[in-house]
Every structure is written in C-alpha cells, then in structure tokens.
Amino acid sequence: MTRSPDREGRPRAQRSSPIHPIRNRAAAAVGTAALLLSTAPSTLPSATAAPAAAGGPAGVVNGGAERGTSGWSLTSSPKARLTTSATSRSGDRALRVRSARPGTVRLDGTAAPRATRTPAGSTTTARAWVRSAVRGQRVTLVARELRGGSWVRSERRAVTPVAGTWTRLRVPMTTTRARSTVELRLVVRSSGSRVRLLVDDADLVGRRTGAGAASPDAARAGTLTNGCAYSARGIPSCGAYFGAAYGSNTDPTAFESQVGRRLGVRRTFYNASGVDSAVRQARTDLAQGRLPWMSFKLPHSWEQMASGAGDAWATGLARKLAALDGPVWVAFHHEPEGDGDIAAWRRMQERLAPLVRRTAPNVAYTVVLTGWNQLYGASTYSLANLWPRGVKIDVAGFDIYNGFGEVKDGKKSTKWTEIDRDYFAKIQQWAADEGVAWGLAEWGYTDEAHQRDPDWIQTTYEKLVARGGVAAAYFNTELNSAGSWRIASASKRQDFADAIDGTAALRLP
C-alpha cells in the first residue's frame with residue numbers, strides 16, 4: 001500500500017477501523033484524607049519517574065510527597081516513622097512508612113479545600129499507589145463520611161499487595177448528607193514482619209451526578225445552545241458537542257449547509273510549523289460558533305520535548321490561543337501507538353500539560369488515543385501504563401470506528417462494533433475514576449455499515465451523551481482512510497443531520 005502524507009505532514013498508513021492493533025499506523029475548611037482502593041486494584045512494575053504537578057495531585061495536599069511529609073500524619077502501635085523515599089512511582093519522591101516491629105500503622109493525609117463540603121449525592125474517587133517491601137502485608141483503606149465532625153458512614157476495602165510492585169488503589173464513595181466531608185485513612189497491618197510501605201500519587205477526584213465529568217476550573221463561562229453551561233476551557237456541564245473533521249482542514253460551510261446546522265466542534269490537524277494557520281482557523285471557527293479541537297505534531301522527538309526542548313514552541317502556541325475570544329481544545333501527537341517509546345510520549349504530555357494550561361486558561365488540554373489499543377491491545381498501551389501521571393488532563397479523546405464491511409488485505413470485515421458495550425461503558429467508568437471528561441475525537445462507519453443501520457450516527461451520539469461523553473467529532477474525510485467513513489450519500493447526510501439537530505454548540509458572538 002502506498003502511503004501518502006497525512007494531515008500533519010508525514011507519511012502514515014491509511015486510517016482503518018480500531019478492530020486491529022495500532023490502527024494500521026507506522027509499524028501499524030480542610031478535611032482529612034487517607035486512601036481507598038477497589039476490590040480489584042491494578043498493578044504495574046516500578047514506573048519511570050515523571051514530573052509531578054506542583055504541590056502534588058490536586059485533591060490531596062502534597063499527594064505526591066514532593067514537599068516531604070507535609071500534610072501527612074502518622075499514628076502507630078508500636079512506633080513507626082514517616083519519611084520519604086527516592087523510589088517513587090512518579091516525580092522525585094514517595095512517602096515511606098517503616099516500623100521497627102510488627103504492628104498497625106494509620107496514615108492520614110490532608111484533603112485540599114475543594115475536596116471537602118460536598119453536596120449530597122456527590123461521588124469522590126480516592127486514588128493512590130502503594131508498594132510493599134515485604135510479603136503478606138495487609139492494607140485496609142477506610143472512607144468515612146463526616147458532617148459537623150460526626151460520623152455518618154464508612155466504606156472499607158482490604159488488599160495484600162504483591163511485594164515490590166506498585167499497586168493502584170481506588171474506590172468511589174457517594175456522600176449521603178449535604179455539606180459533608182470525606183475522611184480517608186490508610187491502615188497497614190503486619191503481624192509477621194515489620195511494616196515497610198511506600199505511598200505515591202494520592203488523590204481525591206470528585207464528580208457531579210449526571211452527564212459529563214467534573215472540571216476543576218468549571219467556573220461558568222457561558223451557556224451553550226442546548227442551555228447547558230460551559231467552563232472557560234469549554235467543558236460542558238451537560239450534553240455534548242457534535243461536529244466533525246472535514247476534508248483536509250477544509251472550510252465546512254458547504255457541509256453545514258447540507259445538514260442544516262453548524263458544527264458544534266471542528267477537528268483540525270497541523271504539523272509543528274502550522275501554528276499561525278491553526279490560530280487563524282481557530283479564530284474563524286469561534287466566530288462561527290464552532291469549538292476548535294486541534295491536533296499538532298511536535299517540533300522535536302518525544303524525548304527532547306520531555307526534556308524541555310519544545311517549551312518555547314508550546315508556550316508560544318499557548319499564548320496565541322490565550323488571546324482568542326473563546327475556548328480551544330488542543331492535543332499533541334494524537335494516536336501515539338506504534339510511533340515510538342510510549343513512556344517518552346507520556347513524559348512529554350506530563351511536561352506540556354501544565355505549561356499549556358498555566359499559560360492559556362481558555363485551552364483544554366486533551367490526550368487522544370485509539371481506544372482499541374487501550375482496552376484490547378498490548379499492556380504497553382493500556383491506560384494504566386500510558387496515561388499522564390500527576391498532571392491535569394481536561395479531556396480524553398478516543399478514535400473509534402465501526403469497520404463493518406471494511407476491506408483489508410483483500411478480506412472484508414463482518415464484525416460489527418458494539419460501540420456502547422465494548423467502548424463507552426468501559427471508558428465511562430475509567431473517566432469517572434480518573435476525573436477526566438471524555439469524548440470521540442474521531443469516529444466513523446462504512447457505507448456498508450450504514451446500509452445495515454441507517455441511524456447509527458444518531459444512536460451512537462445519543463449513547464455517548466447517556467454515558468457522559470462531552471464531544472463527538474465525526475471523521476468526514478477520505479484522507480488516510482481505509483474505510484468509507486466520508487459522508488457522501490444523501491442517506492448518510494440525513495443520519496448526520498438528524499444527529500446534530502439540537503446538540504450543544506457555542507453561541508454566536
């Protein structure tokens with residue numbers, strides 16, 4: 001297959017459905033906090049250190065131990081010591097708990113003010129990573145809801161971590177009383193050996209009930225056409241933007257006329273030298289009431305970007321976007337699977353995310369992945385392994401296609417993608433635990449799939465909204481496409497028109 005240059009200025013394989021790995025890309029009042037876990041914690045080998053957000057994860061004061069033991073307290077019998085260790089999962093330090101004899105240790109952290117005084121029905125997901133140095137060390141985590149200092153209810157979970165392995169602990173807890181606080185405590189019991197435990201990346205992530213994920217800077221910036229509010233970074237409080245990529249960053253006005261509605265979100269793609277063009281296009285899109293969602297390739301390698309070689313480039317881009325009159329969504333090197341060392345890609349995202357968000361308060365930092373690789377591919381590309389650590393990501397984007405009828409290597413696919421069951425349900429749960437909004441950065445279905453289900457675009461969008469997704473950008477182009485994703489027929493246009501009718505969009509200036 002001859003490869004043509006992609007939308008971002010480099011050769012790549014044709015875009016195909018996500019039922020195959022790598023998408024045929026190249027090579028294919030302060031409260032107390034302790035930590036909770038789910039009944040099935042995930043485990044990873046010791047991770048390469050990554051930059052930590054200033055002050056640690058946002059829900060727990062000094063959750064990454066980058067400021068020593070500040071914000072943490074320890075009680076034990078017999079006496080134990082709380083220090084820090086250079087053996088961290090991310091950043092430079094982790095908390096270290098040690099006792100001279102077997103016994104019970106309780107570790108309490110301090111919740112950030114925004115993590116307390118929650119309304120009834122609010123869900124707080126507590127998260128942390130722990131690493132035991134000895135076998136058979138029992139770790140129990142207790143969540144207590146308190147109101148006015150009085151106990152309301154508790155949640156308990158227990159696990160025996162595998163020695164020498166970082167284990168992710170998390171559990172959601174829903175409050176039952178208005179203006180209650182969540183008190184969390186990590187309890188370590190060791191009967192046959194001394195306590196030896198590391199703790200890193202502690203966090204408390206809250207989310208509201210209903211559609212959409214919570215945003216930490218969710219101050220109301222305006223109201224969308226569907227009546228829902230949106231934040232300064234463009235995250236909607238309910239509903240979801242509906243739009244598309246169109247042609248080769250082509251003006252979508254003609255397509256909008258065909259479907260009788262302007263796009264709520266517009267996906268565009270640029271190489272590193274296309275900053276000025278991207279900013280001009282974003283300005284035009286905002287003037288037309290479209291949310292710009294743009295992807296950039298980078299001026300340097302992932303490793304170089306992670307070391308700061310691209311800071312000036314990213315800062316310059318962010319400053320230009322900050323001058324625009326409206327929200328913009330940005331992604332750097334989307335769909336990284338198969339393009340290099342994924343750990344370097346993750347470190348690059350961890351460096352650029354706080355830089356861009358700090359410079360441009362109207363820009364949502366997004367990370368865009370294939371989806372298939374994260375849920376069904378190699379563990380290298382799992383969300384637990386590649387998702388940026390210790391930094392805030394505003395939106396997780398996924399590129400998911402229904403390749404029914406797609407022909408690859410002379411074989412026609414007869415597999416129908418059950419997108420809600422196989423993707424949306426799983427992404428919804430992960431996004432709630434992670435505290436990140438999510439949406440479809442690309443999606444599409446073939447003409448043959450349309451013949452089987454002529455309402456698939458509309459029903460897929462409705463399922464996305466029901467699962468709390470905040471955006472859906474259809475891939476309406478033939479570029480880099482192995483499947484017939486483009487909306488070319490009158491019937492397919494009608495499906496798109498039915499879907500976009502009444503959906504969320506920015507109001508015209």
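Summary of the structure given here. Every chain begins its residue count from 1, and numbering advances along the sequence as written. Where totals are concerned, whole chains, interfaces and linings use all residues; where local detail is concerned, this predicted model gives features only for residues with pLDDT of at least 70, and gives and counts side-chain atom pairs only at 80 or more. Side-chain numbers here rest on the full set of heavy atoms in the structure, without hydrogens or water.

Examining the environment of Val-275
Link 1 in the chain: Runs of H or I in DSSP of at least four residues are treated as helices and runs of E of at least two as strands, each being numbered from the N terminus. Locating Val-275 in the fold gives a position in helix H2 (residues 275–287).
Link 2 in the chain: Along the primary structure Val-275 and Trp-313 are separated by 38 residues, whereas in three dimensions their C-alpha atoms are 9.2 Å apart.
Link 3 in the chain: Here, two residues are considered to be in contact whenever any of their heavy atoms come within 4.5 Å of each other. Once residues within four sequence positions are removed from consideration, Val-275 is found in contact with Phe-296, Trp-313, Leu-317 and Lys-320.

Description of the state of the cysteines
In a disulfide, the sulfur atoms of two cysteines are held together by a covalent bond.
Link 1 in the chain: In this description, a disulfide is simply a cysteine sulfur pair whose atoms lie within 2.5 Å. Applying the stated criterion across every chain yields a total of one disulfide.
Link 2 in the chain: A disulfide bridge connects Cys-228 with Cys-238, and the sulfur atoms are separated by 1.8 Å. Taking the sign of the torsion about the S-S bond as the criterion, the disulfide between Cys-228 and Cys-238, at about -105°, is left-handed. You can see Cys-228 sitting in the loop between strand S13 (220–223) and strand S14 (229–231) and its partner Cys-238 sitting in the loop between S14 and strand S15 (241–246), a full ten residues away along the chain.
Link 3 in the chain: Each residue gets one of three labels from its accessible area relative to the maximum for its type: buried under 20%, exposed over 50%, partly exposed in between, using a 1.4 Å probe on protein chains only. The exposure class assigned to Cys-228 is buried, which follows from its relative accessible area of 8%.
Link 4 in the chain: Relative accessible area serves as the criterion here: at 30%, Cys-238 is assigned to the partly exposed category.

Topic: the packing of helix H4 (residues 311–322) against helix H5 (residues 342–359)
Two numbers describe a pair of packed helices, the interaxial angle and the distance between the axes.
Link 1 in the chain: Comment: axis = line fitted to C-alpha atoms, over the contacting stretch for helices; angle = value between 0 and 180 degrees taken between N-to-C directions. One way to put it is that H4 packs onto H5 with a least axis distance of 8 Å and a crossing angle of 30°. Our pair here, H4 against H5, has a crossing hand that is right-handed. Facing H4, whose interface residues are Asp-311, Ala-314, Thr-315, Ala-318, Arg-319 and Ala-322, H5 presents Arg-351, Leu-352, Leu-355, Val-356 and Thr-359.
Link 2 in the chain: For this classification, Asp, Glu, Lys and Arg are treated as charged, while Ala, Val, Leu, Ile, Met, Phe, Trp, Tyr, Cys and Pro are nonpolar and the rest, including Gly, are polar. Split by residue class, the contact of H4 with H5 holds six nonpolar, two polar and three charged. Each crossing gets its handedness from the near helix: less than a right angle anticlockwise from the far helix is left-handed, clockwise is right-handed.

Looking at unusual backbone geometry
Link 1 in the chain: One non-glycine residue, Asn-249, lies in positive phi territory at about 55°.
Link 2 in the chain: The residue Glu-335 is not glycine, and still its phi comes out positive at about 50°.
Link 3 in the chain: With respect to the helices and strands, the residue Glu-335 is situated in the loop between strand S18 (328–332) and H5.

A few points about the nonpolar core
Link 1 in the chain: Residues Phe-296, Trp-313, Trp-329, Phe-332, Ile-457 and Phe-496 are the most contacted members of the largest nonpolar core, which totals 100 residues.
Link 2 in the chain: Counting residues per element, this core draws most heavily on H5, at eight residues.
Link 3 in the chain: Filtering out sequence-adjacent residues up to four positions away, Ile-457 remains in contact with Phe-242, Trp-443, Tyr-445, Tyr-474, Ile-487, Lys-492, Asp-495, Phe-496 and Ala-499.
Link 4 in the chain: Nine residue types can take part in a nonpolar core, namely buried Ala, Val, Leu, Ile, Met, Phe, Trp, Tyr and Cys, and a core is a set of them joined through side-chain atoms within 4.5 Å. In terms of nonpolar packing, the next biggest core, distinct from the first, is built from 28 residues, Ala-65, Ala-128, Val-195 and Ala-202 among them.

Focus: the packing of helix H8 (residues 419–434) against helix H10 (residues 456–466)
Link 1 in the chain: Taken N-terminus to C-terminus, the directions of H8 and H10 make an angle of 25°; their axes are 10 Å apart at the nearest point. When the axes of H8 and H10 are compared, the pair comes out roughly parallel. You can see that H8 and H10 cross each other, and the crossing is right-handed. When H8 is examined against H10, the residues Ile-419, Asp-420, Phe-424 and Gln-428 are found in contact with a partner set consisting of Trp-456, Thr-460, Lys-463, Leu-464 and Ala-466.
Link 2 in the chain: When grouped by side-chain class, the residues that make up the contact of H8 with H10 number five nonpolar, two polar and two charged. Orientation is classified from the angle alone, with under 35 degrees giving roughly parallel, over 145 giving roughly antiparallel, 65 to 115 giving roughly perpendicular, and any other angle giving oblique.

Digging into H2
Link 1 in the chain: Here the expected span of a helix is defined as 1.5 Å times the quantity of residues minus one. The end-to-end C-alpha distance of H2, which contains 13 residues, comes to 18 Å, matching closely the 18 Å that a straight helix rising 1.5 Å per residue would cover.
Link 2 in the chain: Three or more residues of H2 are buried, namely Val-275, Ala-278, Val-279, Ala-282, Asp-285 and Leu-286. Taken down its axis, H2 places every buried residue within 125° of arc, on the same side.
Link 3 in the chain: Looking at the buried residues of H2, the elements they touch are strand S16 (265–270), strand S17 (291–296), H4 and S18.
Link 4 in the chain: Phi turns positive, to about 80°, at Gly-289, one or two residues after H2. Within this analysis, the arc is defined by the directions that extend from the helix axis to the C-beta atoms.

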